[in-house]
Amino acid sequence: MQWSDALGKTHGRYSGRPRIVSLVPSITELLVALGLAEALVGRTGFCIHPRQLLRRVPKLGGTKGFDADKLRALEPTHVIVNIDENRREEVEALSDCVPHLIVTHPLEARDNLDLYRLLGGVFGREAAAEALCADFENAWQALRAATELLPREKVLYLIWREPWLGVARDTYISRMLAAAGWDTLPVDSRLRYPEVDLPVLARAADLVFLSSEPYPFREKHRQQLTTQLPEARCALIDGEMVSWYGSRAIAGLAYLRALRTRLGQR
């Protein structure tokens, strides 16, 4: 049997002992959830979950600008990358020395099901992958049940300050929020992470979210923004729960269900 990655490239089950480098934090976490911690031989410095199990895995730098020479020296059988997280030219430069490059690109919550099955299939962890799929479906149905009768709301999701950056609707973040009944602003954008007119969009939004990543928004920032824009309703949100796909998406759906319920009660 074969499985297709985000570029349509097919991958069969690997029959040998895999040596995996993950250049995507959420994928690294997923590989551990699939029972592949011992197969990991390299990661980025941002691959931090689960911290205890990753301490022994060498760091190769960031998702962008990783140490390619150090990566090659690890002699991986597989390198797993992501279209958003990693630079295309850096990944393509590995094609002459890495037997298997697996490219990922989830665009919405339910794409995680294919992601589980792709990696579970390639590395012989089908049972673990199907268990994750079942957990995902349970979390998905619970979110739908909790939010389907709530009115949809317009939200401004901020990922950076000065300049203020938001998310476009064709991003994984936006589609995760949409699953909870939150539709992001701006409605249209040529850029996936556009600079936004904060006062204008804050007034148009029912809620302004300040994400914990990549900019580490904290309570002091929420208070500052509330003072600056007293008409805006502002709340902090755990960015990992919204932007990390893979196994984290299951917890992310439960997190959004609880957050939507809590904020809807105010």
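Residues numbered from 1 in each chain as written. Predicted model: local features only at pLDDT ≥ 70, side-chain atom pairs only at ≥ 80, totals over all residues. Heavy atoms only, no water.

(A) Region of the structure containing the pattern of salt bridges. The final tally for this structure, using the stated rule, is 14 salt bridges. The partner of R13 in a salt bridge is E126, and the shortest N-O contact between them spans 1.9 Å. Placement of the pair is R13 in the loop between β2 (10-12) and β3 (20-22) and E126 in helix α6 (residues 126-147), with a sequence separation of 113 residues. E219 is paired through a salt bridge with R222; the nearest N and O atoms lie 2.8 Å apart. In this pair, E219 and R222 both sit in helix α9 (residues 219-228), three residues apart, roughly one turn of the helix. Residue classification places R222 among the partly exposed positions, given a relative accessible area of 24%. (Salt bridge = Lys/Arg side-chain N within 4 Å of Asp/Glu carboxyl O. Helix = DSSP H or I, 4+ residues; strand = E, 2+ residues; numbered from the N terminus. Buried < 20%, exposed > 50% of the residue type's maximum accessible area, 1.4 Å probe, protein only.)

(B) Seen up close, the state of the cysteines. Tallied over the entire structure, the rule returns zero disulfides. The thiol of C97 is not disulfide-bonded; the next cysteine sulfur, from C47, is found 18 Å away. (Disulfide = S-S within 2.5 Å.)

(C) A look at the pairing of strand β9 (residues 207-211). A large share of β9 lies buried, amounting to five of its five residues. Neither face of β9 is exposed, since L207, F209 and S211 on one face and V208 and L210 on the opposite face are all buried. Judged from the four bridges that link them, β9 and strand β10 (residues 234-237) form a sheet pairing that is parallel. When the sheet's bridge partners are listed, L210 is paired in β10 with L236. Remark: the β9/α9/β10 crossover connection has right-handed handedness. (Pairing = 2+ DSSP bridges. Right-handed = clockwise from strand over helix to strand, strands pointing away.)

(D) Representation of the sheet that holds strand β4 (residues 40-42). Spatially, β4-β3-β5-β6 is the arrangement adopted by the four strands of the open sheet, whose pairing is parallel. Either end of the sheet is taken by a strand with one partner, and the two such strands are β4 and β6 (100-104). Neighbour-to-neighbour, the strand axes of this sheet turn through a mean angle of 30°, independent of strand direction. Lying on the sheet, helix α1 (residues 25-33) is in contact with β3, β4, β5 (78-82) and β6; it crosses β3 at an angle near 140°. Sheet strands touched by helix α5 (residues 111-122): β5 and β6. Its angle to β6, the strand with the most contacts, is close to 165°. (Axes fitted to C-alpha atoms, helices over the stretch in contact; angles between N-to-C directions. Contact = heavy atoms within 4.5 Å.)

(E) Inspection of unusual backbone geometry at higher detail. That bond from H49 to P50 is cis: its omega, -5°, falls within 30 degrees of zero. If you trace the backbone, P50 turns up in the loop between β4 and α2 (51-54). Here the residue pair E162 and P163 is connected by a cis peptide bond, since its omega of 10° sits within 30 degrees of zero. On the secondary structure map, P163 appears in the loop between β7 (153-158) and α7 (172-179). Backbone geometry places E75, a non-glycine residue, at a positive phi of 50°. Looking at where E75 falls in the secondary structure, it is placed in the loop between α3 (68-73) and β5.

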